[in-house]
Amino acid sequence: MLSERRLEVLRAIVQDYVGTEEPVGSKALTERHSLGVSPATVRNDMAVLEDEGFIAQPHTSAGRIPTDKGYRLFVDKLAGVKPLSSPERRAIQNFLDGAVDLDDVVGRTVRLLAQLTRQVAVVQYPSLTRSTVRHVELLSLAPARLMLVLITDTGRVEQRMIDCPAPFGDMSLADLRARLNSRVVGRRFADVPRLVQDLPESFEAEDRGTVSTVLSVLLDTLVEETEERLIIGGTSNLTRFGHDFPVMIRPVLEALEEQVVLLKLLGEATDSGMTVRIGHENAHEGLNSTSVVAVGYGSGDEAVAKLGVVGPTRMDYPGTMGAVRAVARYVGQILAES
């Protein structure tokens, strides 16, 4: 275990390196921070931190910089989540309140996160596997053609055209709409197949074919849309950090183009807690020089998706964690009210 003083020295090194982009020396530390000890003592503390792998010397005669292990200790033990200022919180609320539908909410969220953190922002669409049905609308377009509109509790809207095997009257359509909604509204997608399986038998023989077709399209929609979708923004922000990536920025950009990689980065959507992955904790080789800060968001206590940012390991962790958490809370409020 490191002593309190050495933890303070590590905190000072991380803060200075993140702020100045320059390796940090003992003389600069004692001048900038009230550590209460001489530069010689700080040098000795830095030697211990280096021996234990928390800091490293990038090249001869330079100061020291934090390693992945040093950043991890900083995040776990030393860094609080920096709360946003009142103007920042108002700006978030005003920007997100203007959203007109779920696509707009997600689009605005990704732009906002990228602007607030000046990193790459990633926002996952609410997963339908964790959604519930708010309403199923059936509209007649022609005697044997219908439109099915599925609306979820997170505001997601899916539309499908249905060609019926036979003409379907307005009375039958109203009846099917009412019975269908009475069974599925408020229920999770995973439960819907079981809840509607015997519905065709409750209709007249001539209508059963159409009812079965409607249910088939509904269930196909649920299956199709369980594929996770996400949106990414602010990739140009990475160009500001070119010197933070040891080889080149291209492997990072290539990794960010792979949706599967990004979904793994964000982690399980049901986990609503804050996740911080630093450097080599990211399994994908192209992202070994980056850190990821992610958190779940949702319309209630349970997270339905994740959002977060990707940037260099030399990151303002308290500020980034505060921004990500605040945006997630506002998005959750919007989904709850929508």
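As shown above, the structure is provided for reference.
Residues numbered from 1 in each chain as written. Predicted model: local features only at pLDDT ≥ 70, side-chain atom pairs only at ≥ 80, totals over all residues. Heavy atoms only, no water.

## Quick notes on the overall build of the chain
To keep things clear, this is the line we draw: For helices the rule is a DSSP run of H or I covering at least 4 residues; for strands it is a run of E covering at least 2, with both sets numbered from the N terminus onward. Throughout, the radius of gyration refers to the C-alpha atoms, and the reference size of a globule is 2.2 Å times the residue count to the power 0.38. Burial classes: relative accessible area under 20% of the type maximum marks a residue as buried, over 50% as exposed, and values in between as partly exposed (1.4 Å probe, protein chains only). Residue contacts follow a heavy-atom distance rule, with two residues in contact if any of their heavy atoms lie within 4.5 Å. Reported accessibility uses the Shrake-Rupley method at a 1.4 Å probe radius. Residues are deemed covered only where the shown protein chains occlude them. Note on charges: Lys and Arg go in the positive column, Asp and Glu in the negative column, and His and the chain ends are not counted at all. Every charge is mapped onto a representative atom, which is NZ of Lys, CZ of Arg, CG of Asp or CD of Glu.
Of regular secondary structure, the chain possesses 12 helices and 10 strands. For the chain, the C-alpha radius of gyration of 26 Å lies well beyond 20 Å, the compact-globule estimate for 338 residues. Across its three principal axes, the chain shows a C-alpha extent of roughly 90 × 40 × 35 Å. Relative to its full complement of 338 residues, the chain shows a buried share of 50%. Taking as baseline every contact in the chain between residues at least 6 positions apart, the subset at least 24 positions apart corresponds to 60%. With the model as given, the accessible surface of the chain reaches about 16000 Å², and the carbon-plus-sulfur share is 50%. Considering the chain, the positive charge centre built from 37 side chains and the negative charge centre built from 46 side chains are found 6 Å apart.

## What to know about the pattern of salt bridges
Formally: Think of a salt bridge as a Lys or Arg side-chain nitrogen and an Asp or Glu carboxyl oxygen that are within 4 Å of each other.
All told, the structure shown has 17 salt bridges when counted by the stated rule. Asp45 is the partner of Arg5 in a salt bridge, and the nearest nitrogen-oxygen pair spans 2.7 Å. Taken together, the residues span a long stretch of sequence, with Arg5 in helix α1 (residues 4-20) and Asp45 in helix α3 (residues 39-51) at a distance of 40 residues. Judged by its relative accessible area of 33%, Arg5 falls in the partly exposed class. A salt bridge links Arg11 to Glu8, with the nearest nitrogen and oxygen atoms 3.0 Å apart. Here Arg11 and its partner Glu8 are both found in helix α1, 3 residues apart, which amounts to about one turn of the helix.

## Points about helix α6 (residues 102-117)
Put simply, the rule is: The span expected for a helix works out to 1.5 Å for each residue beyond the first. We call two N or O atoms a polar contact when they sit within 3.5 Å, provided that within protein one can donate a hydrogen and the other can accept it, with sequence-adjacent residues counted only if both atoms are side-chain atoms.
Taking 1.5 Å of rise per residue, 16 residues should cover 22 Å, and α6 covers 22 Å from first to last C-alpha, within 8% of that figure. Of all 16 residues that make up α6, 12 are buried, and the element is covered over most of its length. The residue sitting at the N-terminus of α6 and contributing the capping side-chain oxygen is Asp101; that oxygen lies 3.3 Å from the backbone nitrogen of Asp103. Arg118 sits one or two positions beyond α6 and adopts a positive phi of about 55°.

## Comments concerning the layout of surface pockets
Spelled out, the test is: The distinction between a cavity and a pocket rests on a 1 Å grid over the protein atoms alone: a 1.4 Å probe fits inside a cavity but cannot get out, while a pocket stays open yet meets protein on both sides within 12 Å along at least five of seven lines, and a residue with an atom within 4 Å of a point counts as lining. Grid points are joined across faces, edges and corners, and a volume is the space filled by probe spheres set on the points. Note on residue categories: nonpolar means Ala, Val, Leu, Ile, Met, Phe, Trp, Tyr, Cys or Pro, charged means Asp, Glu, Lys or Arg, and polar means any other residue, Gly included.
By volume, the second largest pocket is sized at about 440 Å³. Along its surface, the second largest pocket is lined by 20 residues, and Leu116, Thr117, Asp316, Gly319 and Thr320 are the ones closest to its centre. Contributing elements (two or more residues each) for the lining of the second largest pocket: α1, α6 and α12 (317-337). At 3 residues, the largest contribution of residues to the lining of the second largest pocket is made by α12. Its residues placed into classes, the lining of the second largest pocket shows 8 nonpolar, 5 polar and 7 charged.

## Considering the pairing of strand β6 (residues 157-163)
Two faces belong to every sheet, and in a regular strand the side chains alternate between them. We apply this condition: By this definition, two strands are paired if DSSP reports at least two bridges between them.
Across the two faces of β6 the burial differs, with Glu158, Arg160 and Ile162 buried and Val157, Gln159, Met161 and Asp163 not buried at all. Bridge count between strand β5 (residues 145-152) and β6: 7 bridges; the pairing is antiparallel. Of the residues in β6, the one forming a bridge with Val149 is Gln159. In sequence, β5 turns back onto β6 through a hairpin of 4 residues, with Gly155 there showing a positive phi of about 90°.

## Considering the packing of helix α5 (residues 86-97) against α6
Stated precisely, the cut-off is as follows: Throughout, an axis means a line fitted to C-alpha atoms (over the contacting stretch in the case of helices), and angles, computed between N-to-C directions, take values from 0 to 180 degrees. Should an angle fall under 35 degrees it is called roughly parallel, over 145 degrees roughly antiparallel, and 65 to 115 degrees roughly perpendicular, with every other angle called oblique. Two helices that cross are described as forming a left-handed crossing if the nearer one is turned anticlockwise from the farther one by less than a right angle, and a right-handed crossing if clockwise.
Across the interface, α5 lies against α6 with an axial gap of 9 Å and an inter-helix angle of 155°. In terms of orientation, α5 lies roughly antiparallel with respect to α6. As α5 runs across α6, the sense of the crossing is right-handed. Residues Ile92, Phe95 and Leu96 of α5 lie in contact with α6, whose contacting residues are Val105, Arg108, Thr109, Arg111, Leu112 and Leu116. For the contact of α5 with α6, the per-class residue count stands at 6 nonpolar, 1 polar and 2 charged.

## Looking at empty space enclosed by the protein
The full count for this structure, using the stated rule, is 1 cavity of 30 Å³ or more. The calculated volume of the largest cavity comes to roughly 30 Å³. If you go around the largest cavity, the residues you meet are Val122, Leu262, Leu265, Leu266, Val292, Gly308, Val309 and Val310. Counting only elements with at least two residues in the lining of the largest cavity, the list comes to α11 (259-266) and β10 (305-312). Split into classes, the residues belonging to the lining of the largest cavity amount to 7 nonpolar, 1 polar and no charged.

## Topic: the side chain of Ser26
Structurally, the position occupied by Ser26 is in helix α2 (residues 26-32). Take Ser26: its relative accessible area is 11%, and that puts it in the buried class. If near-sequence neighbours (up to four positions away) are discounted, Ser26 is found in contact with Pro39, Val42, Arg43 and Met46.

## Concerning the packing of α6 against α12
Viewed as axis vectors pointing N to C, α6 and α12 meet at an angle of 165°, and their least axial separation amounts to 10 Å. Judged by the inter-axis angle, α6 sits roughly antiparallel to α12. The interaxial crossing formed by α6 with α12 has right-handed handedness. Packed against α6, whose contacting residues are Leu102, Val105, Thr109, Leu112, Leu113, Leu116 and Thr117, the element α12 presents Thr320, Ala323, Val324, Val327, Val331, Ile334 and Leu335 at the interface. Of the residues belonging to the contact of α6 with α12, the class tally is 11 nonpolar, 3 polar and no charged.

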